[in-house]
Amino acid sequence: MLLIILILNSCTSKLDVKPISDPSVENFYRNQQDFEQAVNAAYNGLGTYPTRHFFLSEIRSDNMYVPGDGGTYDWNPVNNFIVNASNTLMSSAWSDCYNTIMRCNSVLDNINEQKVPDQAARDQLTGEAKFIRALMYFDLVRFFGAVPKITKLVGAAEAQEIARSPVSEIYDVIIADLESASQLLPDTYSGAAKGRATRYAAAGLLARVYLTRSGPVLFDKGPVLNSNEYGKARDLLRSIINSGKYAFISDYAQIFSYDNENNSESLFEVQFKSGGTGTGTVIPAEMLPTVYMRAAKIPVQGGNDFKFVSNDLLQSYPVADMRLAFNILQGYTDEGGNFVNQNYFKKFLDPKRYGVDLRDWGINQPVLRYTDVLMMYAETLLHTGGSQAEADSIVNMVRTRAGLPAVNGVNADQLLEERRREFAAEGLRWHDLVRTGKVVTVMNAWMAKEDERHVMKPMQPAYILYPIPQTAINIRPGLYEQNEGYN
């Protein structure tokens, strides 16, 4: 069925979604307000973005060691490189992205001058839908490689005829959408509209796309193409820096403050709001166990236990690094007075800002922030023969904020490690390892040190991708060929 029906019920962001009397596409789109509600529904589809990248990027990477204590959860096979096509995290990632893409397609198929006469409003709505669609296809291509290319609303019968398109064709959609969005979207918003996608969010995401495509190819079906588009990424990132719209916040903790959302560091973040309205996020509780929440007198449950930060990440922080204590809980005392020597991410936790349950935290999830723009720009300088002094200056801004001494002659490996500490728990680590071509060597070296239970399979290039979910393969047997390395 046309999934436009989901517009009625989706509620995972601050953006309001009002009910409509007739969910059919033909009757729904009548005026600008209807398109605004439909675009809001597309934003709502981003509500699962934080958990998707926590489970499929952070837990997959050397930032976490989650071998399977106390039972087996869906994320344990992800960590151990033994995931299969029946894992529900695969089907959730696939269906959540495509449901959101459907909502964007619905807007783009129907918006026109007759229904939205105001060109500025029409451009903005079109740009927002293209930005969100590009973000979802970027997730799909990074997690699954070749995927079905669906850029218009289709019925069930037609969908069952659409095979997977090559990675390069999915990138064509992503790049075209982001190039268009960067022209259509406004520079900034004010008031209640703050937090929506801007032209600079589109440019920054496009730069990340070019960086991902540019890296060395380890697996010919993966998202990295050795395209050497560092210059394109550099120019986009420079335009953001020169825009004067963003600023580097000197206090690391303030970037993630519940009272400082959509701040000068933020190019784009998924919006959440607590209050029992179904618009909160689960991330602060998902990263921490219930036993800790009880000990800390936080009257909501945590997620399942045993989502441990790796010792290797913990030890990578210099002693003076102020980000360590903010990002990671280094053990705690339980209700019985016993010290629990386990490490968890607590980056998004404010113990006093809980909602009605574990899924009702009102903290936004960063997708792209200004520090990332700066550090990606430094990366492009290293790849294009740019100024070493400028690259060093950017890295030292980040290190100074963290309380660390300046360094000189930063190279690509050092920059990657600085990114690891800076963006821990933000869902970037796995993608950084893949696009830089370091994922196989780094992960296997890390396993040799960290995998004390000997439950992890060695990393191989095919594991850059996840398996196509069995739920998708079952729709029409033979339509999709399973990714290499999976049954």
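Residues numbered from 1 in each chain as written. Predicted model: local features only at pLDDT ≥ 70, side-chain atom pairs only at ≥ 80, totals over all residues. Heavy atoms only, no water.

Draft legend 1. Structural context of the overall build of the protein. Across its full length, the protein carries 21 helices and eight strands. The C-alpha atoms of the protein give a radius of gyration of 22 Å, which matches the 23 Å a tight globule of 487 residues would have. Each principal axis of the C-alpha distribution contributes one length, and for the protein these read about 60 × 50 × 45 Å. Burial analysis of the protein (487 residues in total) assigns 58% to the buried set. (Helix = DSSP H or I, 4+ residues; strand = E, 2+ residues; numbered from the N terminus. Rg over C-alpha atoms; globule rule 2.2 N^0.38 Å. Buried < 20%, exposed > 50% of the residue type's maximum accessible area, 1.4 Å probe, protein only.)

Draft legend 2. Structural view of the nonpolar core. Membership of the largest hydrophobic core comes to 156 residues, with the highest contact counts inside it found for Phe131, Tyr137, Phe144, Ile174, Phe345 and Met459. A total of 14 residues in this core trace back to one element, the largest contributor, which is helix H6 (residues 119-144). Other than its neighbours up to four places away in sequence, Met459 contacts Phe81, Trp430, Val439, Val440, Met443, Asn444, Met447 and Ile464. (Core = buried A, V, L, I, M, F, W, Y, C linked by side-chain atoms within 4.5 Å. Contact = heavy atoms within 4.5 Å.)

Draft legend 3. Here's a closer look at the environment of Gln460. Within the secondary structure layout, Gln460 lies in the loop between helix H20 (439-450) and helix H21 (470-475). Judged by its relative accessible area of 34%, Gln460 is partly exposed. Each C-alpha atom of the pair Gln460 and Phe81 lies 9.4 Å from the other, and the pair is 379 residues apart in sequence.

Draft legend 4. Representation of the pairing of strand S8 (residues 365-369) in the model. Of all five residues making up S8, five are buried, and the element is well covered by its neighbours. With four bridges connecting them, strand S4 (residues 266-270) and S8 associate as antiparallel partners. Note that in S8 the partner of Val270 across the bridge is Gln365. (Pairing = 2+ DSSP bridges.)

Draft legend 5. Structural context of the confidence of the model for the protein. Taken over all residues, the pLDDT of the protein has a mean of 93, while the share at 70 or more is 94%. Below pLDDT 50 for its whole length, residues 1-23 participates in 61 contacts with residues either more than four positions away or in separate chains. (pLDDT = per-residue confidence, 0-100.)

Draft legend 6. Quick peek at the pattern of salt bridges. Under the criterion given, the structure shown has 41 salt bridges. With a closest N to O distance of 2.7 Å, Arg213 and Glu229 form a salt bridge. With a gap of 16 residues between them, Arg213 in helix H9 (residues 199-214) and Glu229 in the loop between H9 and helix H10 (230-243) connect regions that are remote in the sequence. Judged on exposure class, the residue Arg213 and its partner Glu229 are both buried. Linked by salt bridges that have partners in common, Glu265, Asp321, Arg323, Lys347, Arg369, Arg399, Arg401, Glu418, Arg421, Glu422 and Glu426 make up one network. (Salt bridge = Lys/Arg side-chain N within 4 Å of Asp/Glu carboxyl O.)

Draft legend 7. Representation of the packing of aromatic side chains in the model. Throughout the structure, instances matching the rule amount to 24 aromatic pairs. Ring centres 4.4 Å apart and planes at 25° place the aromatic pair Tyr29 and Phe35 in the stacked group. By relative accessible area, which is 3% here, Tyr29 ends up buried. Measuring from ring centre to ring centre gives 5.3 Å for Tyr292 and Tyr332, while their planes differ by 75°; the resulting arrangement is edge-to-face. Of this pair, Tyr292 sits in helix H13 (residues 290-295) while Tyr332 sits in strand S6 (residues 328-333), placing them 40 residues apart in sequence. A relative accessible area of 7% places Tyr332 in the buried class. One aromatic cluster in this structure is built from Trp94, Tyr98, Tyr137, Phe144 and Tyr480. (Phe/Tyr/Trp six-rings, centres within 6.5 Å; stacked < 30°, edge-to-face > 60°.)

Draft legend 8. Quick peek at the side chain of Glu418. As for its position among the elements, Glu418 is in helix H18 (residues 412-422). Glu418 gets classed as buried once you look at its relative accessible area, which sits at 5%. At 2.5 Å, the side chain of Glu418 forms a polar contact with the side chain of Arg399. Those residues in contact with Glu418, other than ones at most four positions away along the chain, are Arg323, Met375, Val395 and Arg399. (Polar contact = N/O pair within 3.5 Å; in protein donor to acceptor, adjacent residues only side chain to side chain.)

Draft legend 9. Main features of the state of the cysteines. All chains considered together, the criterion is met by zero disulfides. Counting only cysteine sulfurs, Cys104 is the nearest neighbor of Cys97, a cysteine outside any disulfide, at a range of 11 Å. (Disulfide = S-S within 2.5 Å.)

Draft legend 10. Examining the packing of helix H3 (residues 49-58) against helix H5 (residues 88-110) more closely. It is at 11 Å that the axes of H3 and H5 come closest, and there the two elements cross at 135°. Here H5 runs oblique to H3, going by the angle between their axes. H3 and H5 meet at a crossing whose hand is left-handed. Between H3, through Arg52, Phe55 and Leu56, and H5, the contact on the second element is made entirely by Leu89, Met90, Ala93, Asp96 and Cys97. Split into classes, the residues belonging to the contact of H3 with H5 amount to six nonpolar, no polar and two charged. (Axes fitted to C-alpha atoms, helices over the stretch in contact; angles between N-to-C directions. Parallel < 35°, antiparallel > 145°, perpendicular 65-115°, else oblique. Left-handed = near helix turned anticlockwise from the far one by under 90°. Nonpolar A, V, L, I, M, F, W, Y, C, P; charged D, E, K, R; others polar.)

Draft legend 11. Representation of the environment of Thr281 within the structure. Among the structural elements, Thr281 can be located in the loop between S4 and helix H12 (283-286). C-alpha separation for the pair Thr281 and Pro477, spaced 196 residues apart in sequence, amounts to 36 Å. A polar contact of 3.2 Å, which involves the side chain of Thr281, links it to the backbone nitrogen of Ile283.

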